[in-house]
Amino acid sequence: MNYNEVIDRQFVATLEREGQTVTDYFTGKNIKVIFVRGAGKVTQEALELFTARDNSIPKGGVFTFQGNNYVVMNRGSIESNVYYRSTAYKCDTVIPVKQPSGLYKLIPFCSQSE
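As a convention, each chain's residues are numbered from 1 in the sequence order in which they are written. Selection of residues for local features in this predicted model requires a pLDDT of at least 70, selection of side-chain atom pairs for listing and counting requires 80 or more, and totals for whole chains, interfaces and linings are taken over all residues. Hydrogen atoms and water are omitted, and side-chain values are computed over all heavy atoms in the structure.

Novice: Outline the confidence of the model for the chain, listing residues and values.
Specialist: Mean pLDDT over the chain: 86, with 87% of residues reaching 70 or higher. Every residue gets a pLDDT, meaning the predictor's confidence in that residue, from 0 to 100. Helix and strand labels come from DSSP, where a helix needs a run of H or I of at least four residues and a strand needs a run of E of at least two; each type is numbered from the N terminus. Element-level pLDDT for the chain is lowest in helix α1 (residues 3-18), with a mean of 87, against a maximum mean of 96 in strand β1 (residues 20-24).

Here is the structure:
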């Protein structure tokens, strides 16, 4: 068993045990994540999270968690090829964008960060 297989098994087990579900704002897809407690950027307005590489949220993506929208500001992982570590900030406003149909879609947006 190689190093990445060990990391993968441990990550999957932790995701199953401690993971929480967020919803991609644009697609409605459910994504299981692990929130990091005690990290430097974890506040009411910012979250640090881990996602599986094959089921992640892209940089600039928006997800909903507990009724609040968050935008992913960065995504990366130098630790392994199993997961991504991301920072997401709570959205504090929405921008209406006119669709080709003439209807408006509200896009969550973060105008301030810590």
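From this point, things continue past the structure.
Novice: Give me the lowdown on the sheet that holds strand β6 (residues 83-90), citing residues and values where you can.
Specialist: Reading around the barrel, the six strands line up as β1-β2-β3-β6-β5-β4 and close back on themselves, with antiparallel pairing between neighbours. On average, each strand axis in the sheet is inclined to that of its neighbour by 45°, with strand direction left out of account. Looking at chain direction, β1 and strand β2 (residues 30-35) are connected through four bridges and run antiparallel. Directly across from T21, in β2, lies its bridge partner K32. Of the strands in this sheet, β1, β2, β3 (46-52) and β6 touch α1, which is tilted by about 100° from β2. Pairing between two strands is assigned when DSSP locates at least 2 bridges connecting them. What counts as an axis is a line fitted to C-alpha atoms, over the stretch in contact for a helix, and the angles between N-to-C directions run from 0 to 180 degrees. It only takes one pair of heavy atoms within 4.5 Å for two residues to be counted as in contact.

Novice: Please set out the nonpolar core residue by residue, giving values where relevant.
Specialist: A general tendency of soluble globular proteins is for nonpolar side chains to be buried together. In this description, a nonpolar core means a group of buried Ala, Val, Leu, Ile, Met, Phe, Trp, Tyr and Cys residues linked to one another through side-chain atoms lying within 4.5 Å. Between buried and exposed lies partly exposed: a residue is buried under 20% and exposed over 50% of the maximum accessible area for its type, with that area taken using a 1.4 Å probe on protein chains only. In this structure, V22, I31, V33, F35, L47, L49, I57, F63, F65, Y70, V72 and A88 together form the largest nonpolar core, which totals twelve residues. Elements with a contribution of two residues or more to this core: β2, β3, β4 (62-65) and β5 (68-76). It is β2 that provides the largest number of residues to this core, a total of three residues. Within the second largest apolar cluster, nine residues are counted, among which are F11, F50, V82 and Y83.

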